[in-house]
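Reading the structure
Listed below, chain by chain, are the residues.
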Amino acid sequence: SSNGDTRHFRESSPLQIFVKAKKKINDIFLEINDYVQDSVKYVESIQDYQVLIDSNEVQKIVEYVYKIKGIRDVLARDHMKVAFFGRTSSGKSTVINAMLRDKILPSGIGHTTNCFLQVEGSDNGETYLITEDSAERKNVKSVSRLAHALCEEKLNESQLVRIFWPRDKCSLLRDDVVLVDSPGVDITPNLDEWIDKHCLDADVFVLVAHAQSTLMVTEKNFFHKVSLKLSKPNIFVLNNHWDTSASEPEYIDKARVQHTERAVDFLVKELKVCSQKEAAERVFFISAKECLSARCKEQQGLSIQSGALAEGFPGRYFEFQSFERKFEECISKSAVKTKFEQHSQRGKTVAQDIRLTMDTLYEKSQKLKNDKTEEKKNVYEKLNYTEQRLLILTQQMKEKIQQMVSETEEKVKKALSE
Ligand code: GTP
Ligand code: MG
């Protein structure tokens, strides 16, 4: 059944590296949260013993609760982000639609996309828009309404419209991938603003080029700017409209060699963002239009090969799938590294800070215990208890930190080596 196939595909999807790592790090932060709560209870229970702890220190521990909550909130929102750029009409919106397996974004001849469109999963199965200037959810009933709603908005080209689309309609959205469509890089004088606003947190960039011509200065210039602001951005080059080359079989091999060479040189020699070997796996020859139409047929239960197709369709379709596979590997690894490494570092810092406070407490209580004045005698009973709690807490904490650190590091290492 097609359902079984989808499931098989999903389980073997490289996106699961990110999905699993996210679940793991969320679980770890849940544990850190429990641990911080325990610590708060404990310091509050002894806060009357000002010889042991003063109110500033208690306050500091209490504040970690909010810090951890902040990190957990960010973690819950963390996703993988891919941004598409290229000249007007190169097929950016069509590529995204093909990946989403539906005609979601408006596409067409001439200058179509007039601002940044970010497609992300909605949890409640609804479709709606959010524009930058208001928090209002604008409901959209159908795809044609969506296109209409986007035209109605008087938008500045750097603005962002977020499109929420039901997660269960697409595996990319289900696995927390967010796709960003952009207007043509040739229509704006504001490339720097675009980069600052939309690119700094992107895990992967896709340059959608028109295979009928060669890479142009406008496209190249944009990525030069991107790689100045980001260290070694992950860039894929899609030579789109490749179906149109089918009518010129005498040139096709030569054109492919030439485009490949230029794209690889661009990534390796000009941008210096990857090695020759890596670059060879980043350049693809596809037809987004054919692929989208095949997938729409598939949704209707028709054969993807039905209807009129240009020569060589199976090869191009296969190449599109290869692109998707490489893209998924790349984005999940990159996102695990850029998003989770930071969080695990901060989690470690919090745990270590609390540990330090606990160590100090422990030392102070030891000192007090050794101080055998009558006055302290009364406190003594309490301290025995205190000491035990501290030992247990410190031990638990050590184990938790250790576990958290090694698990996260292993996860990251594994993700990176896969
Ligand atoms: P802007 O939003 O205007 O910058 O354009 P875009 O890059 O988003 O291009 P869009 O996806 O709107 O596609 C432009 C036109 O090219 C549409 O008419 C598409 O149907 C067509 N198109 C896109 N990809 C292909 C392709 O691979 N082959 C062919 N033959 N046509 C394509
Ligand atoms: Mg477009």
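Placed above this text is the structure.
Description of the structure in this document.

Thresholds, definitions, all that
- Residues numbered from 1 in each chain as written.
- Chains lettered and ligands numbered in written order.
- Predicted model: local features only at pLDDT ≥ 70, side-chain atom pairs only at ≥ 80, totals over all residues.
- Heavy atoms only, no water.
- Phe/Tyr/Trp six-rings, centres within 6.5 Å; stacked < 30°, edge-to-face > 60°.
- Helix = DSSP H or I, 4+ residues; strand = E, 2+ residues; numbered from the N terminus.
- Buried < 20%, exposed > 50% of the residue type's maximum accessible area, 1.4 Å probe, protein only.
- Axes fitted to C-alpha atoms, helices over the stretch in contact; angles between N-to-C directions.
- Parallel < 35°, antiparallel > 145°, perpendicular 65-115°, else oblique.
- Left-handed = near helix turned anticlockwise from the far one by under 90°.
- Contact = heavy atoms within 4.5 Å.
- Nonpolar A, V, L, I, M, F, W, Y, C, P; charged D, E, K, R; others polar.
- Pairing = 2+ DSSP bridges.
- Donors = N, O, S within 2.8 Å, 3.2 Å for Na, K, Ca; no water.
- Near = heavy atom within 4 Å.
- Polar contact = N/O pair within 3.5 Å; in protein donor to acceptor, adjacent residues only side chain to side chain.
- Areas by Shrake-Rupley, 256 points an atom, 1.4 Å probe, with all protein chains shown as cover.

**Observations regarding the packing of aromatic side chains**
Evaluated as defined, the whole model comprises 17 aromatic pairs. With a centroid separation of 4.7 Å and an interplanar angle of 15°, the aromatic rings of Tyr-128 and Phe-164 are classed as stacked. Here Tyr-128, found in strand E3 (residues 128-131), pairs with Phe-164, found in strand E5 (residues 160-166); they are 36 residues apart in sequence, far enough to count as distant. Phe-164 sits in the buried class, given a relative accessible area of 8%.

**So, the packing of helix H4 (residues 92-100) against helix H11 (residues 288-299)**
Orientation of H4 relative to H11, taken along the N-to-C sense of each, is 30°, at an axis distance of 8 Å. If you check the angle between H4 and H11, you find them roughly parallel. Between H4 and H11 lies a crossing of left-handed hand. Contacts from Thr-94, Val-95, Asn-97, Ala-98 and Met-99 in H4 reach Ala-288, Lys-289, Cys-291, Leu-292 and Arg-295 in H11. Looking at side-chain class alone, the contact of H4 with H11 contains 6 nonpolar, 2 polar and 2 charged residues.

**So, the pairing of strand E1 (residues 80-85)**
With 6 of 6 residues buried, E1 is to be regarded as a mostly interior element. Side chains Met-80, Val-82 and Phe-84 project from E1 onto one buried face, and the interleaved Lys-81, Ala-83 and Phe-85 project onto a second face that is buried too. When E1 meets strand E6 (residues 177-181), the two strands line up parallel, connected through 4 bridges. Of the residues in E6, the one forming a bridge with Val-82 is Leu-179. Here 4 bridges tie E1 to strand E7 (residues 204-210), and the two strands are oriented parallel to one another. Bridge pairing links Ala-83 to Phe-205 in E7.

**Brief notes about the coordination of the magnesium ion (ligand 2)**
Taken together, Ser-93 (OG) and Thr-113 (OG1) make up the protein donors of the magnesium ion (ligand 2), found 2.0 to 2.1 Å from the metal. Taken as a pair, Ser-93 in helix H4 and Thr-113 in the loop between H4 and strand E2 (116-122) lie far apart in primary sequence, 20 residues in all. By the burial criterion, Ser-93 is buried, and Thr-113 matches it.

**What about the site of ligand 1?**
Among the 23 residues in the neighbourhood of ligand 1, the closest are listed as Lys-92, Thr-94, Thr-112, Thr-113 and Asp-243. One of the side-chain N or O atoms of Ser-93 is found 2.8 Å from an oxygen atom in ligand 1. Here an oxygen atom of ligand 1 and a backbone polar atom of Lys-289 are 3.5 Å apart. Isolated, ligand 1 exposes 650 Å² of accessible area, and the fraction of that covered by the protein chains is 90%. Elements that contribute at least two residues to the shell around ligand 1 include exactly H4 and H11.

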